[in-house]
Amino acid sequence: MYNDAEILFAFRRHIMGRLLYDESNLPEISSLRAVNYDKIDKSTVEPVKRVGVLTSGGDAPGMNAAIRAVVRAGINAGFEMYGVTRGYHGLWKGEIKPLDGRSVSETLQRGGTFLMTARSQTFMTDQGVLKGARMMEAYELDALIVIGGDGSYKGARALARIGMPVIGIPGTIDNDIASTEYTIGYDTAMNTAMQCIDKLRDTASSHERCSVIEVMGRHAGWIALNVGIATGAESILIPEVPYDFNRDVLRVILDGRNTGKKHYIVIVAEGVGHAEDIAKQIEEATGIEARPTILGHLQRGGSPTLRDRTMASLMGIKAIDCLMDKRFNRLVVRQHGDITDVDIEEGLEMTKTITPDIIENAKRLG
Ligand code: F6P
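Residues numbered from 1 in each chain as written. Predicted model: local features only at pLDDT ≥ 70, side-chain atom pairs only at ≥ 80, totals over all residues. Heavy atoms only, no water.

A. Here's a closer look at the overall build of the protein. Scanning the protein from terminus to terminus reveals 12 helices and 11 strands. On the principal axes, the C-alpha backbone points of the protein span a range of 75 × 45 × 35 Å. The buried share among the 366 residues of the protein stands at 53%. The contacts of the protein with a sequence gap of at least 6 include a subset with a gap of at least 24, amounting to 74%. Carbon and sulfur atoms make up 49% of the accessible area of the protein, which totals about 16500 Å². (Helix = DSSP H or I, 4+ residues; strand = E, 2+ residues; numbered from the N terminus. Buried < 20%, exposed > 50% of the residue type's maximum accessible area, 1.4 Å probe, protein only. Contact = heavy atoms within 4.5 Å. Areas by Shrake-Rupley, 256 points an atom, 1.4 Å probe, with all protein chains shown as cover.)

Next up, the structure:
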């Protein structure tokens with residue numbers, strides 16, 4: 001077996017299509033660890049010249065603002081900037097084009113991502129990662145900035161592990177990235193959901209109904225919890241906390257009715273169950289009419305809020321700062337209110353939980 005430096009060298013040769021080592025001897029990428037640039041002598045590291053940027057996974061409002069910040073700050077730092085379309089799918093297919101300062105005009109206020117995005121199955125394999133790295137070599141990209149969620153970060157980590165420098169910017173409406181207190185798109189998604197639920201409340205209250213609303217969050221209850229607090233929901237069901245239907249839904253609704261309440265809001269994160277099933281159970285058990293609504297992809301669209309635009313802009317600048325300082329393989333994060341960065345390996349090892357006090361506070365408002 002080779003030592004770390006030899007492994008990276010072997011991968012590099014492999015990516016370049018010049019096999020010096022027996023391919024079957026190369027380890028699996030998952031067994032490697034990305035170089036922590038805070039621990040090496042910077043004078044031995046070549047400065048960055050060309051930088052790629054891509055968005056990956058579910059789109060999030062503010063991703064355009066992050067691309068714009070990366071491109072403009074990158075050009076101001078003297079880098080040549082390149083956009084990769086359709087996330088990692090576009091990377092391994094070589095969908096790479098130059099971006100100048102004007103190419104990001106009029107994008108700040110737009111939802112979605114003008115670079116487009118995808119969930120690439122190919123890139124989940126070592127062969128896919130090598131193909132992506134090969135395209136980085138072909139376009140002479142010295143570093144890649146990845147804007148996306150946890151899955152996108154794992155793709156970035158795989159590239160970093162075979163010696164391709166990366167920087168991650170957190171972009172997902174779910175706010176479920178452990179290393180950071182905030183992810184781009186979260187605020188806009190919550191405001192969109194809140195506005196929809198306010199409208200549903202008008203009709204639920206006119207008909208004395210229960211409105212069961214399913215919000216996004218397959219594995220995370222952040223949107224459900226905060227939107228539930230903001231809309232005065234009777235009951236909030238999230239994947240992180242097991243619930244008891246009788247205690248946490250039925251009794252709460254019945255107690256409300258018995259004290260004169262005329263309408264009820266139940267919020268369900270998609271990871272918990274389907275709004276339709278829960279509405280049916282409520283109606284059957286209480287006789288109160290219950291109507292399900294799935295907010296779905298509505299929550300991912302729309303013009304980003306001020307918070308998302310500013311967060312995205314500052315995080316984009318931070319990504320460029322890391323490249324200027326030759327501090328590669330970093331994740332841009334918000335920690336204790338500051339925008340800073342952490343090592344990609346360490347960042348992906350962290351875990352994030354919803355603190356019990358938020359849940360308790362939500363209950364105290366019922
Ligand atoms: O990761 C963001 C997210 O919006 C999740 O909340 C949701 O579960 C998922 O993406 C939906 O993904 P898709 O766009 O593939 O339906």
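B. Representation of helix H9 (residues 275-286) within the structure. For H9, built from 12 residues, the straight-helix expectation of 16 Å at 1.5 Å per residue is met to within 8% by its first-to-last C-alpha distance of 16 Å. Regarding H9, the residues found buried are Ala275, Ile278, Ala279, Ile282 and Thr286. The buried residues of H9 occupy one face: seen down the axis, they fall within an arc of 100°. Residues of H9 that are exposed and angled more than 90 degrees away from the buried face: Glu276, Lys280 and Glu284. Where H9 is buried, its residues meet strand S6 (210-215), strand S7 (235-237), helix H8 (245-258), strand S8 (264-269) and strand S9 (290-294). One or two steps after H9, the chain reaches glycine 287, where phi turns positive at roughly 80°. (Expected span 1.5 Å × (residues − 1). Arc of directions from axis to C-beta.)

C. Focus on the packing of H8 against H9. Contact geometry of H8 with H9 gives a least axis separation of 11 Å together with a crossing angle of 55°. It follows that H8 is oblique to H9 by the angle criterion. Note that H8 runs across H9; the crossing there is right-handed. Residue-level contacts link Phe245, Val249, Leu250, Ile253, Leu254 and Arg257 of H8 to Gln281, Ile282, Ala285 and Thr286 of H9. Split by residue class, the contact of H8 with H9 holds seven nonpolar, two polar and one charged. (Axes fitted to C-alpha atoms, helices over the stretch in contact; angles between N-to-C directions. Parallel < 35°, antiparallel > 145°, perpendicular 65-115°, else oblique. Left-handed = near helix turned anticlockwise from the far one by under 90°. Nonpolar A, V, L, I, M, F, W, Y, C, P; charged D, E, K, R; others polar.)

D. Looking closely at the packing of aromatic side chains. What the rule picks out here adds up to three aromatic pairs. Seen in terms of ring centroids, tyrosine 37 and phenylalanine 328 are 4.8 Å apart; in terms of plane orientation they differ by 65°. Their pairing is edge-to-face. Here tyrosine 37, found in the loop between helix H1 (4-15) and strand S1 (50-55), pairs with phenylalanine 328, found in the loop between helix H10 (306-324) and strand S10 (330-335); they are 291 residues apart in sequence, far enough to count as distant. One Lys or Arg, lysine 131, reaches over the ring of tryptophan 92 and ends 4.8 Å from the middle of that ring. (Phe/Tyr/Trp six-rings, centres within 6.5 Å; stacked < 30°, edge-to-face > 60°. Lys NZ or Arg CZ within 6 Å of the ring centre and 35° of its normal.)

E. Representation of the site of the ligand within the structure. The full set of residues close to the ligand is Arg119, Thr172, Ile173, Asp174, Met216, Gly217, Arg218, Glu270, His297 and Arg300. Take glutamate 270: an N or O atom from its side chain is 2.3 Å from an oxygen atom of the ligand. Here histidine 297 contributes a side-chain N or O atom positioned 2.9 Å from an oxygen atom of the ligand. Compared with its free state, where it exposes 400 Å², the ligand has 78% of that area covered by protein. (Near = heavy atom within 4 Å. Polar contact = N/O pair within 3.5 Å; in protein donor to acceptor, adjacent residues only side chain to side chain.)

F. Spatial organisation of the sheet that holds S7. Taken together, the four strands give an open sheet; going across it, the order is S7-S8-S6-S9, and neighbouring strands pair in parallel fashion. Whereas interior strands pair on both sides, the edge strands pair on one side only; in this sheet they are S7 and S9. Across the sheet, the mean angle separating the axes of adjacent strands is 15° when strand polarity is ignored. In the sheet, S7 pairs with S8 via three bridges, with the strands oriented parallel. What sits directly across from isoleucine 236, in S8, is isoleucine 267. Together, S6, S7, S8 and S9 form the strand contacts of H9, whose direction differs from that of S9 by roughly 170°. (Pairing = 2+ DSSP bridges.)

G. Up close: the layout of surface pockets. One number sums up the size of the second largest pocket: a volume of about 610 Å³. Tallying contributions element by element places H1 first for the lining of the second largest pocket, with three residues. A breakdown of the residues in the lining of the second largest pocket according to their chemical character gives 14 nonpolar, two polar and eight charged. (1 Å grid on protein atoms, 1.4 Å probe; cavity = no way out; pocket = protein on both sides within 12 Å on 5 of 7 lines; lining within 4 Å. Points joined across faces, edges and corners; volume = space filled by probe spheres on them.)

H. Layout of the pairing of strand S11 (residues 338-343). In terms of strand pairing, S10 meets S11 through six bridges, oriented antiparallel. Its bridge partner lying in S11, valine 333 is registered against threonine 340. The antiparallel pairing of S10 with S11 creates a hairpin that spans two residues between the two strands, and histidine 336 there sits at a positive phi of about 50°.

I. The arrangement of the sheet that holds strand S4 (residues 143-148) in detail. Taken together, seven strands build an open sheet; the order of strands is S3-S2-S1-S4-S5-S10-S11 and the sheet is mixed. Edge positions in the open sheet fall to strand S3 (96-99) and S11, since each of these has one partner strand only. Direction aside, the axes of adjacent strands within the sheet are offset by 30° on average. Pairing between strand S5 (residues 166-170) and S10: two bridges, direction parallel. Within S10, the residue paired with isoleucine 167 across the bridge is arginine 330. Across the sheet, helix H2 (residues 63-76) lies against S1, strand S2 (80-84), S3, S4 and S5, angled at about 160° from S4, the strand it touches most.

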